[in-house]
Every structure is written in structure tokens, then in C-alpha cells.
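Now for the letters of each chain:
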Amino acid sequence: MFAVLLVVPGMALMAVVVAYPLVSALVTAFFKQSLVLPGREFVGFQNIADVLQDDFLRLLGQTLVFTLGTTIAPFVIGFALALALNTQIRGSKVFRGLMLIPWLVPGVVVSFLWMWIFNANYGVMNAILEPLGVSPQAWLAQPGTAMFAVIVAKTWQSFPWMMVMLLAGLQTVPRELHEAAEMDGAGTVRRFFSITVPQIGGIIGLVLLLEFIWNFQHFDIIYVLTGGGPAGSTETFATSVYETAFHGFDLGRAGALGLLWLVLLMALVVLYVRFSERSEKR
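Residues numbered from 1 in each chain as written. Predicted model: local features only at pLDDT ≥ 70, side-chain atom pairs only at ≥ 80, totals over all residues. Heavy atoms only, no water.

With that settled, the discussion passes to a nonpolar patch on the surface. Taken together, the side chains of Leu35, Val36, Leu37, Tyr242, Phe246 and Phe249 make up a nonpolar region of the molecular surface, amounting to roughly 560 Å² of accessible area. Of note, Val36 is situated in the loop between β1 (31–33) and β2 (40–42). Note on Val36: relative accessible area 53%, which makes it exposed. (Patch = residues over 30% accessible without salt bridge, like charges linked within 9 Å, V, L, I, M, F, W, Y side chains within 5 Å. Areas by Shrake-Rupley, 256 points an atom, 1.4 Å probe, with all protein chains shown as cover. Salt bridge = Lys/Arg side-chain N within 4 Å of Asp/Glu carboxyl O. Helix = DSSP H or I, 4+ residues; strand = E, 2+ residues; numbered from the N terminus. Buried < 20%, exposed > 50% of the residue type's maximum accessible area, 1.4 Å probe, protein only.)

This is the structure we're talking about:
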């Protein structure tokens, strides 16, 4: 009974802050309900069917483009920096601290920073590219470049976390293995793929899965930079749920979209848990 009493406050807080809002939102998916009109009407799976027939595949594709871009790009950058900082270079601790700054900056601040960089009239990006023969672009106002700009901004914020996690993994690889392989004639590339990658394979997998899950539900940078535009070219599940509920005032459709989004996220979470269990057994 004493153990139960210790757990009750935390469980009550979880129920009020997490469980009730989540269940309430999911239940709304089965009703025709507006944010500005009283009452609601039970419609069963009609909202879900409407979402699947209309925008679901487009939103899924754009969400995957954003998620893959903002997972692979920071991983490559973070891994390269982790390999560099893992060597005995002077000032590595200082560089490591400086590299963490983008990760510590709030997402809204990152958005305004990159909004200024990508500005069509006085942005730094156009100022750098124009001498190279590239004509000035309205990066955030063109469907062809808006997603690229959003991915770049999110990558800048994400790569320090990747770098820190991968650097921690690299520091666990025994140097004796590299020394023995070098004595046997293995080059740098061979040692990297035969020793480094297998030794930190579990960490690489967990980092990629976690980053993928976080990016799959990312909201702030996309919404502040483009609001899901132009012409819906950067709209993802996160921005679409918000727009549908609070600008379109259609809570039923927003709930249906959120329910489908949750199912996809749960599949990713199950994959992450199973991969974590396998890594622990190893």
C-alpha cells in the first residue's frame, strides 16, 4: 500500500496531463465536431475515411521527405565531426562545446535566424551564392526550394546531438583493435568499416531511430519558417493537425488525422523498443 501511495501522485499527473487529452483527442476522430459550433454528431469512421481519401498520402510523403532529410543529413555531418573530434587534435574540447550551441538554441529562435538567412531581399544565402553565378532565390516562398530550406534549418539544429552521441560511442572503441588492424596492413577506410562501424552499430541504430521519431512529429521550425506553405509544399502531419483544428475549426478531421499519425508513430516506437532490447542483449 505504501508503494502504491508513492506512485499515485505521478500517475494522477500523467492521467491529467497526458492520458485525458490524448484519449479526448482520439475520441473526437469519431465525431463531426467544430471548434466554433456547439454540440457534436457521431459519424464513426467517416472522418478517417475522408482523410485517407484526401490528403493522407500527400502528407505522408512530405512528412517522410522532411523526416528522412533531417535524419540523414545531420547524421552524416555529426558523424564526420565526431570522427574529427575523436582524434588527438588541439582544442577539441573547445570545439565540442562550441558545436553544441545550435542544439541549445530554441526552435523558434533557430527559425527566425534561418528566416533571415533565406530572405529573398537581404538574406545571407543569396549574398553568398550570387557571386558564384546563382540568381537570387525566394527560398521560403517557392514550392521547389521551401522544403530544402526547412531541412537545412532543422539539420543545423540537430547535428550537435548526433555528434555528441556518436562521439561517446567512438570513445568506447578500444584503440588496441585499430592498432592491431593497422599492423596487419588495414588502411583507414578498412578500419572504419571493419572495426569502428561494427563496434558502434547499436548506437548508430538507436540514434537514427530516435531522430527519425522526433523529426516525424516535428512542428516548430516548419510552422515558423513556412507555416506549411507555400501551396502546402512543406505541410506535414504536425502542421496539418494544427491548421485543421485551429484555423479550419474542424476538430473531427483533425482528430482523425492525429489518430492515423499516432498509429504510424506507435509502429516506430515499437521498432525502437525492440532494437533497444536487442542492443542491450548484445
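Membership of the largest hydrophobic core comes to 20 residues, with the highest contact counts inside it found for Phe216, Phe237 and Trp261. Elements represented by at least two residues in this core include exactly α2 (46–53), α3 (56–85), α11 (201–216), α13 (237–246) and α14 (251–281). Among the elements that make up this core, the one with the highest residue count is α14 (7 residues). Not counting residues within four places of it along the chain, the set of residues in contact with Trp261 comprises Phe216, Gln217, Phe237, Ala238 and Val241. (Core = buried A, V, L, I, M, F, W, Y, C linked by side-chain atoms within 4.5 Å. Contact = heavy atoms within 4.5 Å.)

Looking at the secondary structure, you find Gly228 in the loop between α12 (220–225) and α13. In sequence terms Gly228 and Thr239 are 11 residues apart; their C-alpha atoms lie 6.3 Å from each other. Excluding residues within four positions of it along the chain, Gly228 makes contact with Ile222, Ser233, Thr234, Glu235 and Thr239.

Within this structure, the stated rule accounts for 18 aromatic pairs. Consider the rings of Trp114 and Phe118, whose centres lie 5.5 Å apart with planes at 35°: the pair is tilted. For Phe118, a relative accessible area of 1% gives the class buried. Plain terms: the ring middles of Phe192 and Phe193 are 5.0 Å apart, the flat faces sit at 85° to each other, and that makes the pair edge-to-face. A connected cluster of aromatic rings, assembled from ring pairs, spans Phe56, Phe212, Phe216, Phe237 and Trp261. Residue placement shows Arg40 over the ring face of Phe31; its charged tip is 4.0 Å from the ring centre. (Phe/Tyr/Trp six-rings, centres within 6.5 Å; stacked < 30°, edge-to-face > 60°. Lys NZ or Arg CZ within 6 Å of the ring centre and 35° of its normal.)

By the secondary structure assignment, Thr196 is in helix α10 (residues 188–199). Sequence-distant contacts of Thr196, defined by excluding residues within four places in its chain, comprise Leu170, His178 and Arg191.

The next thing to look at is helix α8 (residues 143–170). Between the first and last C-alpha of α8 there are 39 Å, a value that for 28 residues agrees with the 40 Å anticipated at 1.5 Å per step. Along α8, the helix axis deviates most sharply at Ser158, where the bend reaches about 35°; the proline Pro160 sits within four residues downstream. Buried residues dominate α8, accounting for 20 of its 28 residues. (Expected span 1.5 Å × (residues − 1). Bend = angle between axes of the 7 residues up to and from the residue.)

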